[in-house]
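One letter stands for each residue in the lines below.
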Amino acid sequence: MDHKNSQSASYAAAGVDITAGYRAVELMKKHVARTRNEGCLDDVGGFGGCFGLPTGLEEPVLVSGTDGCGTKVKLAILMDKHDTIGIDAVAMCVNDIICCGAKPLFFLDYIACGKNVPEKIAQIVAGVAEGCVQSGAALIGGETAEHPGLMPVEDYDLAGFAVGIVDKKKIIDNTRMQAGDVVIGLASTGIHSNGFSLCRKVFDIDNNNPELYVAREELGGKTIAEALLVPTRIYVKAILALLEKVDVKGISHITGGGFYENIPRSIPDGLCAKIDKAAVRVLPIFDMIAAWGNIPERDMFNTYNMGVGMSVVVPANQVEEAIAILTAHGETAYVIGSIVENEEKVILA
């Protein structure tokens, strides 16, 4: 029996358009070019991205981080707005590696899509490039994978990988933290990239609830969809400036798990970050999520950043200087608590 297909087969017939991939690469090159820094050794298009390590460090340590944007991508797809989701992908990685004091060097992205629409892919990469510019990282490579039959044609997912560097002696050492140190919060731009599965349920996002697109006075004239899609704040340059002048003893990136999971990660045993809930400048989008979803306050602080995207611990006598530096670099920074002796690593009171 002849088992051969009676019709000729091709990659295009199987649903993969190679020429679309070529076109996407051409469209994204101008965005990638914005991110070039002194470490870049070649252009996009090779099999591997090459990057020269900086000199002058006594014991250079590479620090890596990888993450995605969660189901925030679903909202970007519904809104047909793809030029900021890449900022989120970069932010989730570089904000993590800065927590140990590492300066981001380079970034790589990975886009999986049901159908490669070159213009859409270029928009996504434009956002990635913007995130790289904001953090000082070079976009030295990436991958766009077309997955026909595995994903609906309009769907995609985005993830990334960052590598940074820090001199070993300058890695943030939280063992020096002591009672009396102060916790400073850096304001978030909104929900950032965590807790979207709960948001999708609260606001019925998957069914494209028309209420998503109604301007809201309490959101400053933004629609719910616009407020949710605001990209994650990138804190890298402000934190690097802070590290040059202030004795930073701990940094936490407030992501999934909110205050209760993330702040303890920078607190040593025997000490506790006592957070003054009344001091936290909760953003209106979180009040709306809590009200629409009837979500208890503790659950909110255990899921979302609540308006604080990053926290830093500094000595009490350097608080004013720290806030001045962060403010000069565009951040809204203010005291949200202090370090006390306690077996619990975080208390919200």
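Attention in this report is confined to the structure presented alongside it. Quantities reported herein were computed from a predicted structural model and do not represent experimental measurements.

Let us look at the environment of F286. Tracing the chain through its elements places F286 in helix α9 (residues 284-293). Residue classification places F286 among the buried positions, given a relative accessible area of 0%. Excluding anything up to four places from it in sequence, F286 contacts S188, G190, I191, M300, Y304, N305, M306 and G307.

What describes a pair of aromatic rings is the distance from one ring centre to the other and the angle between the planes of the rings. Counting across every chain of the model gives 4 aromatic pairs. A centroid spacing of 5.2 Å and a plane angle of 50° characterise the contact between F51 and F106, whose relative ring orientation is tilted. Pair noted here: F51 is in the loop between α1 (18-33) and β1 (60-68) and F106 is in strand β2 (residues 103-113), with a separation of 55 residues, a long-range link. Each member of the pair F51 and F106 is classed as buried.

Here we come to the sheet that holds strand β10 (residues 346-348). Read across the sheet, 6 strands follow the order β6-β8-β5-β9-β7-β10 without closing on themselves; strand pairing throughout is mixed. The open sheet is flanked by β6 (250-253) and β10, the only strands paired with a single partner. Here the strands of the sheet are splayed against their neighbours by 25° on average, with no regard to which way each runs. As paired elements, strand β5 (residues 182-187) and strand β9 (residues 333-341) share 5 bridges and run antiparallel to each other. Along β9, the bridge assignment pairs G185 with Y334.

For the rest of this paragraph, the subject is the pairing of strand β4 (residues 156-167). Side-chain positions along a regular strand alternate between the two faces of the sheet. Across the 12 residues of β4, 9 count as buried, placing the element largely inside the fold. The sheet contact formed by β1 and β4 spans 9 bridges and is antiparallel. Bridge pairing in β4 links L62 to I165. Taken together, the 10 bridges between β2 and β4 define a ladder with antiparallel strand orientation. Of the residues in β4, the one forming a bridge with F107 is A162.

This part takes up the pattern of salt bridges. Where charged atoms from two side chains of opposite charge approach closely, those side chains can pair. As enumerated under the stated definition, the model contains 12 salt bridges in all. When the shortest N-O distance is used, the salt bridge between E331 and R233 registers 3.1 Å. In this pair, E331 sits in the loop between α11 (319-328) and β9 while R233 sits in the loop between α6 (224-229) and α7 (236-245), placing the two residues 98 residues apart along the sequence. With relative accessibility at 27%, the residue R233 sits in the partly exposed group.

About the thresholds
Residues numbered from 1 in each chain as written. Predicted model: local features only at pLDDT ≥ 70, side-chain atom pairs only at ≥ 80, totals over all residues. Heavy atoms only, no water. Helix = DSSP H or I, 4+ residues; strand = E, 2+ residues; numbered from the N terminus. Buried < 20%, exposed > 50% of the residue type's maximum accessible area, 1.4 Å probe, protein only. Contact = heavy atoms within 4.5 Å. Phe/Tyr/Trp six-rings, centres within 6.5 Å; stacked < 30°, edge-to-face > 60°. Pairing = 2+ DSSP bridges. Axes fitted to C-alpha atoms, helices over the stretch in contact; angles between N-to-C directions. Salt bridge = Lys/Arg side-chain N within 4 Å of Asp/Glu carboxyl O.

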